[in-house]
Amino acid sequence: MAHQLIDPLLQPFQLKNMNLRNRVVSTSHEPSYTEDGMPKRRYRLYHEEKAKGGISLTMMGGSAVVAPDSPSAFGNLHVYKDEIVPWLSELAYGVHEHGAAVMCQITHLGRRTSNYDGDWLPVVYPSAIREPAHRSFPKVAEEWDMDRIVKAYADATARCRAAGLDGIELEAYTHLLDAFWSPLTNHRDDEYGMGSMEDRLRFPLRVIRAVREAAGPDFAVGIRMSLDEDLPGGLQYEDGIEIAKRLVPEGIDFISVIKGYMASDEALSRVIPPMGTPVAPHLSFAGQVKKELGIPVMHAARINDVATARHAIRDGLLDLVGMTRAHIADPHIVAKIQAGEEDRIRPCVGATYCLDEIYQNRDAKCVHNPSTGREDRLPHHVSKATGPARTAVVIGAGPAGLEAARVLGERGHRVVVFEAADTPGGQVKIAASSPRRRDLISIIEWRLDECKLLGVDIRTSRYVDVDEVLAENPDIVVVATGGVPNTEFLTEGANLVTDGWDVLCGAVHPRGEVMLYDDNGGHPGLDATEVLARSGVAVEFVTPERTLAPDVGGVNYPGYFKVFAEHDVHVTLNERLTAVRRKDGRLEVDLYNEYAHATRQRMVDHVVVEHGTLPSDELYFGLVAGSTNLGEVDQQALLNLQPQDVVRNPGGGYQLFRIGDAVASRNIHAAIYDAFRLCLVL
């Protein structure tokens with residue numbers, strides 16, 4: 001109890017009608033878990049998990065849309081439909097049952113969506129200015145547009161109130177409301193235009209007054225707004241503060257502080273900073289805002305560790321601290337603080353795979369917590385096995401192997417891990433050697449710490465054979481030996497090329513003209529290119545894709561593109577590397593363009609290739625014959641989280657499985673997901 005009394009994060013806070021149990025919140029965001037625009041079971045369980053984990057307030061519906069001419073851009077809630085009320089009500093009940101409050105953000109996206117989606121209504125905006133990220137050309141809002149949108153905001157508020165939520169939050173950064181007050185986007189010459197602050201605020205104030213009336217006196221109304229757009233010609237801090245001071249008397253109960261603008265991916269990556277950027281870059285800015293306003297202030301931007309969050313509250317920078325991506329990594333942060341297990345919190349490494357997946361038209365996933373977003377089928381806690389403890393041998397201490405070892409250890413089994421290298425980490429260790437991506441190593445370090453607590457025996461520098469594995473008398477063998485760079489796609493010259501691993505590890509230092517060929521489309525090729533570019537060599541990035549690195553999302557690729565621009569990396573699209581040969585002391589390469597059906601030759605000094613990996617599976621196949629299941633996985637049992645009971649060789653001595661890149665070239669999330677759901681029931 002004494003610990004709780006002195007920890008600033010665990011102090012209660014009164015926010016309007018909510019008696020919040022602590023200062024930790026999950027700010028508004030959209031994980032794209034909706035079904036037909038509704039927050040059904042999956043959506044509810046995602047928020048309930050955070051409530052179970054001790055959070056004080058979970059905010060949903062990041063950009064829940066108030067009108068059909070604001071079509072969903074990434075799975076947004078349709079808060080303009082009456083049918084959402086029972087779904088919101090069920091979610092509110094579930095969150096409240098676990099002691100947390102819940103609010104919904106509502107908005108009209110304005111131009112920040114597509115013309116060609118939903119009901120195909122024209123998107124509206126103060127002025128006819130194209131939106132860079134979604135490429136929509138908006139209609140200039142007429143008076144009748146504004147009238148109906150004001151009513152839509154009020155009706156959406158009434159639905160949230162009727163559902164039993166604790167409040168709503170208006171979004172005002174790069175959406176319709178703030179577009180009226182931003183000099184970047186309001187070029188009107190009428191009473192809603194640029195003549196004065198009063199003109200620019202006329203429509204937003206109409207909305208806020210209508211929302212406040214619909215909310216009633218006890219229902220919280222907040223606003224998440226940018227007070228400095230951080231762009232030339234954009235809203236400056238002095239005007240941002242002046243606007244906030246004019247909004248508050250109209251019935252705003254709190255402000256969630258944003259610094260920046262989101263119309264382009266580069267700008268978005270500064271509002272929502274990814275790995276390789278400073279922790280909490282806008283925290284002091286938010287503290288400055290708090291000093292000038294007399295209402296509660298919250299803020300979230302890469303506040304991904306407890307120490308920073310504690311500092312934000314203890315030193316009076318914030319009233320409520322948003323740890324949003326951190327709760328995607330571990331929804332039980334507060335419970336672990338309360339239990340004195342702060343060091344066991346699964347860290348947010350800033351990979352921002354969660355947002356990148358959303359902006360790839362998929363749904364939010366944590367790079368190393370497979371249960372997030374899958375609460376309807378995967379638990380966040382591993383239960384002990386009900387039967388006798390078994391002996392498990394895991395080969396490979398990369399992300400897949402360490403996750404398998406951790407889960408098997410949690411199940412109560414005796415676990416031995418063999419790792420050929422002198423330190424654990426696998427491909428994550430290689431990726432983390434890039435300075436901007438060094439935080440990835442926390443994926444490994446957290447699992448090593450957990451394995452130590454669980455008594456897992458990890459043996460490094462052990463390149464084992466079948467006999468050494470069998471010497472442990474295993475009941476379970478999990479092969480997580482990963483893969484090796486694939487150069488076999490070349491028809492000629494595989495022995496003449498270098499792979500990205502060697503570049504990242506510093507094993508090679510190419511000079512002269514270097515061609516980096518990427519047929520993977522993810523981070524590895526970009527990481528290697530960045531290292532090469534920073535070393536001062538001339539780099540050409542060649543890909544058969546029609547876009548650069550299609551599997552790297554909008555929050556992460558700006559960091560790479562910045563390096564490409566600063567170091568003049570040349571990019572060639574639509575060209576497939578097929579062969580490499582020596583010629584006149586250099587390398588001649590064949591590039592095939594499938595659109596022109598033509599091959600052309602180029603001369604370079606070095607070729608670096610990124611074409612994924614091929615499984616290191618020799619040990620696995622050496623172990624198949626002695627296993628009971630001959631390596632077979634009952635896939636339906638795997639999906640149903642049921643034990644693996646396949647017996648194809650009754651005389652075998654152990655169950656055998658392989659996971660991660662030992663199966664096929666994939667990514668970190670896939671490797672950890674493989675391990676978790678397999679080992680969860682072994």
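Bear in mind that the values here come from a model prediction, so they are computed numbers and not experimental data. Think of each chain on its own: its residues are numbered from 1, step by step along the sequence as written. For a predicted model such as this one, the threshold for reporting local features is a pLDDT of at least 70, and the threshold for listing and counting side-chain atom pairs is 80 or more; totals across whole chains, interfaces and linings nevertheless cover every residue. Excluded from the side-chain calculation are hydrogens and water; included are all heavy atoms of the structure.

**Student:** What is the right way to look at the sheet that holds strand β8 (residues 167-172) in this model?
**Tutor:** The strands making up a sheet associate through backbone hydrogen bonding, with each pair oriented either parallel or antiparallel. Think of it this way: DSSP has to see at least two bridges between two strands before they count as a pair. Each helix corresponds to a stretch of at least 4 residues labelled H or I by DSSP, and each strand to a stretch of at least 2 residues labelled E; elements are numbered beginning at the N terminus. Spatially, β3-β4-β5-β8-β9-β10-β11-β12 is the arrangement adopted by the eight strands of the closed barrel, whose pairing is parallel. Mean inter-strand twist for the sheet, computed between neighbouring axes without regard to direction, equals 25 degrees. Strand direction decides the pairing type here: strand β3 (residues 24-26) and strand β4 (residues 57-65), joined by two bridges, are parallel. Note that in β4 the partner of Ser26 across the bridge is Thr58. What makes two residues a contact is simply this: any of their non-hydrogen atoms within 4.5 Å. Fitting a line to C-alpha atoms yields each axis, with helices limited to the stretch in contact; the angle taken between N-to-C directions then spans 0 to 180 degrees. Helix α2 (residues 41-52) rests against β3 and β4 of the sheet, and its axis sits at about 150 degrees to β4. Contacts between helix α7 (residues 237-247) and the sheet are confined to β9 (220-226) and β10 (254-258), with β9 contributing the most and set at about 170 degrees to the helix.

**Student:** Which parts of the structure should I look at to understand the UniProt feature "domain: NADH:flavin oxidoreductase/NADH oxidase N-terminal" (unreviewed entry) in the protein chain?
**Tutor:** Residues given the UniProt feature "domain: NADH:flavin oxidoreductase/NADH oxidase N-terminal" (unreviewed entry) here are residues 9-342. The distance separating the terminal C-alpha atoms of residues 9-342 is 12 Å; by composition the span is 36% helix and 16% strand. UniProt positions are given in the numbering used here, feature names are shortened, and annotations may be inferred rather than shown by experiment.

**Student:** Help me understand the pairing of strand β16 (residues 476-479), please; the structure alone is not making it clear to me.
**Tutor:** The side chains of a regular strand alternate, residue by residue, between the two faces of the sheet. Of the two faces of β16, the one holding Ile476 and Val478 and the one holding Val477 and Val479 are both buried throughout. Sheet analysis places strand β13 (residues 391-395) next to β16, joined by four bridges and oriented parallel. If you follow Ala392 over to β16, its bridge partner there is Ile476. In terms of strand pairing, β16 meets strand β27 (residues 655-658) through four bridges, oriented parallel. Paired with Val479 across the two strands is Arg658, which belongs to β27. Residue burial is assigned from relative accessible area. The probe radius is 1.4 Å, only protein chains are included, and a residue is buried under 20% of its type maximum, exposed over 50%, and partly exposed in between.

**Student:** Help me understand the packing of aromatic side chains, please; the structure alone is not making it clear to me.
**Tutor:** How two aromatic rings sit relative to each other is set out by the distance from centre to centre and by the angle between their planes. Pairing of aromatic side chains here covers Phe, Tyr and the six-membered ring of Trp, requires ring centres within 6.5 Å, and sorts the geometry by plane angle: under 30 degrees stacked, over 60 edge-to-face, intermediate tilted. Taken as a whole and assessed by the stated rule, the structure comprises 11 aromatic pairs. Look at Tyr557 and Phe561: their rings are 4.6 Å apart centre to centre, the planes differ by 35 degrees, and that puts the pair in the tilted class. Linking Tyr557 with Phe561, this pair stays in helix α20 (residues 557-566), spanning four residues, or about one helical turn. Tyr557 sits in the partly exposed class, given a relative accessible area of 23%. Judged by relative accessible area, Phe561 falls into the partly exposed class, the value being 33%. Ring geometry for Tyr620 and Phe621: centres 4.9 Å apart, planes at 75 degrees, overall edge-to-face. Residue classification places Tyr620 among the buried residues on the basis of a relative accessible area of 6%.

**Student:** I keep staring at the pattern of salt bridges and nothing clicks. Help me out?
**Tutor:** Oppositely charged side chains are able to pair whenever their charged atoms sit close together. Every case where a carboxyl oxygen of Asp or Glu lies within 4 Å of a side-chain nitrogen of Lys or Arg is listed as a salt bridge. Enumeration according to the criterion identifies 57 salt bridges in this entry. One salt bridge connects Asp330 with Lys336, and the closest N-O pair in it is separated by 2.7 Å. Here Asp330 and Lys336 have matching classes, each one buried. Via salt bridges that share partners, Arg42, Glu357, Arg362, Asp363 and Lys365 belong to a single interconnected network.

**Student:** Quick question: what am I supposed to make of the side chain of His47 here?
**Tutor:** Summarising the element assignment, His47 is placed in helix α2. We classify His47 as buried; its relative accessible area is 0%.

**Student:** Help me understand a negative patch on the surface in this model?
**Tutor:** Only residues above 30% relative accessible area that lack a salt bridge enter a patch, with like-charged residues linked at up to 9 Å and the nonpolar side chains Val, Leu, Ile, Met, Phe, Trp and Tyr linked at up to 5 Å. Accessible surface area values rest on a Shrake-Rupley calculation with a 1.4 Å probe, where residue burial reflects the displayed protein chains alone. We score Asp and Glu as negative and Lys and Arg as positive, and we do not count His or the chain ends. Every charge is mapped to an atom, namely NZ of Lys, CZ of Arg, CG of Asp or CD of Glu. On the surface, Glu341, Asp343, Glu445 and Asp449 cluster together to form a negatively charged patch. The exposure class of Glu445 is partly exposed, given its relative accessible area of 41%.

**Student:** Can you walk me through the sheet that holds strand β15 (residues 457-459) in this structure?
**Tutor:** Read across the open sheet, the five strands follow the order β15-β14-β13-β16-β27; overall the sheet is parallel. The open sheet has two free edges, formed respectively by β15 and β27, since each of these has just one partner strand. Neighbour-to-neighbour, the strand axes of the sheet open up by a mean angle of 15 degrees, direction not taken into account. Against the sheet, helix α14 (residues 399-410) touches β13, β14 (414-418), β15 and β16, its axis set at about 165 degrees to β13.

**Student:** Please clarify how the pairing of strand β20 (residues 538-542) should be interpreted in this entry.
**Tutor:** Burial within β20 is extensive, with four of its five residues counted as buried. In this sheet, β20 lies alongside strand β19 (residues 513-518) in parallel orientation, the contact comprising five bridges. Following the sheet pairing, Tyr517 is matched in β20 by Val542. Read from β19 through helix α19 (residues 523-534) to β20, the crossover connection turns out right-handed. The crossover handedness rule: strands pointing away from the viewer, path from first strand over the helix to second strand clockwise, crossover right-handed.

**Student:** Explain the nonpolar core here, please?
**Tutor:** Inside soluble globular proteins, nonpolar side chains tend to come together where they are buried. Buried residues of nine kinds, namely Ala, Val, Leu, Ile, Met, Phe, Trp, Tyr and Cys, make up a nonpolar core once their side-chain atoms join them within 4.5 Å. Ranked by size, the top nonpolar core spans 113 residues in total, and within it Ile106, Leu170, Phe203, Met225, Leu247, Ile255 and Leu318 carry the most contacts. No other element matches the 10 residues that helix α6 (residues 197-215) contributes to this core. Ignoring any residue separated from it by four or fewer positions in sequence, one finds Leu247 in contact with Trp181, Leu201, Leu205, Ile208, Ile223, Met225 and Ile252. Core analysis: the second largest hydrophobic core is formed by 42 residues, Tyr353, Ile668, Phe676 and Leu682 among them.

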